[in-house]
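Letter by letter, the chains look like this.
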Amino acid sequence: MNIEGIMLRMGVVSVCMSGLVLSGCLGSAEGEVFDEDLGETEQAIGSECAGATATVSVNGSANWVSPQTYDTISCYKGVVVDVNNIAAPGGVAYATMYWADSAPTTQAACEDSWIQADVFESIGGNWVYQFSMDDNGQWDAGTGTCKALSVGTGVTPLKTYRFSMTARTFHHSSAPTRKVGISTGGI
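Presented here is an overview of the structure given in this document. Everything numeric in this text was worked out from a predicted model, so none of it was measured.

**So, the sheet that holds strand β4 (residues 93–99)**
Then, in step 1: Spatially, the 4 strands line up as an open sheet ordered β2-β11-β4-β9, and their pairing is antiparallel. The open sheet has two free edges, formed respectively by β2 (63–65) and β9 (150–155), since each of these has just one partner strand. Strand after strand, the sheet turns through a mean of 10° between neighbouring axes, direction not considered.
Then, in step 2: As judged from the 7 bridges shared by β4 and strand β11 (residues 180–186), these two strands associate in the antiparallel manner. Bridged to Y94 within β11 is G185.

Here is the structure:
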């Protein structure tokens, strides 16, 4: 085998490996490792929850807490809450989703804890994905406690919304679920 043939093969291998790195199939040359389950976690709840059957459906406002273990068909390890004609007595409506389970008691467990909520609006009888919010636990070293996890958003009064939510001991598809709650209302 001559030097030109070796160099040509090395160039082809280099181009192929670069393509695999760019496509996310391999880590980078610096040793970056891709979490294979990240895609599964990202898809665990999200736009596919639009097709799920609601876990609970309420009119006007919601004040609901899930059980600790859940898994909704078409919304993996998530719960789905529909709020029809969301109430806002003063014209300003909101929705807050929060960790409703016992608080993690160690810094590591706190910082691993995670919640996510996806918001859908009913438009023309269809659930239209709006956005996603998430939060990780934050440890307060001064008090030795975990800051309560929550996410919230303003919403348009008298519109109908779907909220898909999950709370887990860590941000991974295999993580156990925890109680998650929702409170909606207006001022």
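**Quick notes on a nonpolar patch on the surface**
Then, in step 1: A surface patch of nonpolar side chains, amounting to about 290 Å² of accessible area, comprises V92, Y94 and I187.
Then, in step 2: On the accessibility criterion, I187 (65% relative accessible area) is exposed.

**A look at the pattern of salt bridges**
Then, in step 1: Per the stated rule, a full pass over the model turns up 3 salt bridges.
Then, in step 2: As a salt-bridge pair, D82 and R162 come within 2.7 Å of each other at their nearest N and O atoms. Here the residue D82 occupies a position in strand β3 (residues 79–84), and R162 occupies one in strand β10 (residues 161–168), the gap between them amounting to 80 residues.
Then, in step 3: We classify R162 as buried; its relative accessible area is 3%.

**Digging into the pairing of β11**
Then, in step 1: Burial runs high along β11: 5 of the 7 residues are buried.
Then, in step 2: Bridge count between β2 and β11: 3 bridges; the pairing is antiparallel. Across the sheet, residue V65 finds its bridge partner in β11, namely G181.

Cut-offs used in this document
Here the residue index of a chain counts from 1 through its sequence in written order. Given that the model is predicted, a residue must reach a pLDDT of at least 70 before its local features are reported, and side-chain atom pairs must reach 80 or more before they are shown or counted; all residues, however, enter totals for whole chains, interfaces and linings. Side-chain measures were taken over the full set of non-hydrogen atoms in the model, leaving aside hydrogen atoms and water. Pairs of strands are assigned from DSSP output, requiring at least two bridges between the strands. Elements are defined by DSSP. Helices are runs of H or I of four residues or more, strands are runs of E of two residues or more, and each kind is numbered from the N terminus. Axis definition: a line fit to C-alpha positions, over the contact stretch in the case of helices; interaxial angles, taken between N-to-C directions, run 0 to 180 degrees. Patch construction takes residues with relative accessible area above 30% that form no salt bridge. Like charges are linked within 9 Å, and nonpolar side chains (Val, Leu, Ile, Met, Phe, Trp, Tyr) are linked within 5 Å. The Shrake-Rupley method, run with a 1.4 Å probe sphere, supplies the accessible areas, and residue values consider only the shown protein chains as cover. Between Lys or Arg on one side and Asp or Glu on the other, a salt bridge is scored when a side-chain nitrogen of the former is within 4 Å of a carboxyl oxygen of the latter. Here's how the labels work: a residue is buried when its accessible area is under 20% of the maximum for its type, exposed when over 50%, partly exposed in between, all with a 1.4 Å probe on protein chains only.

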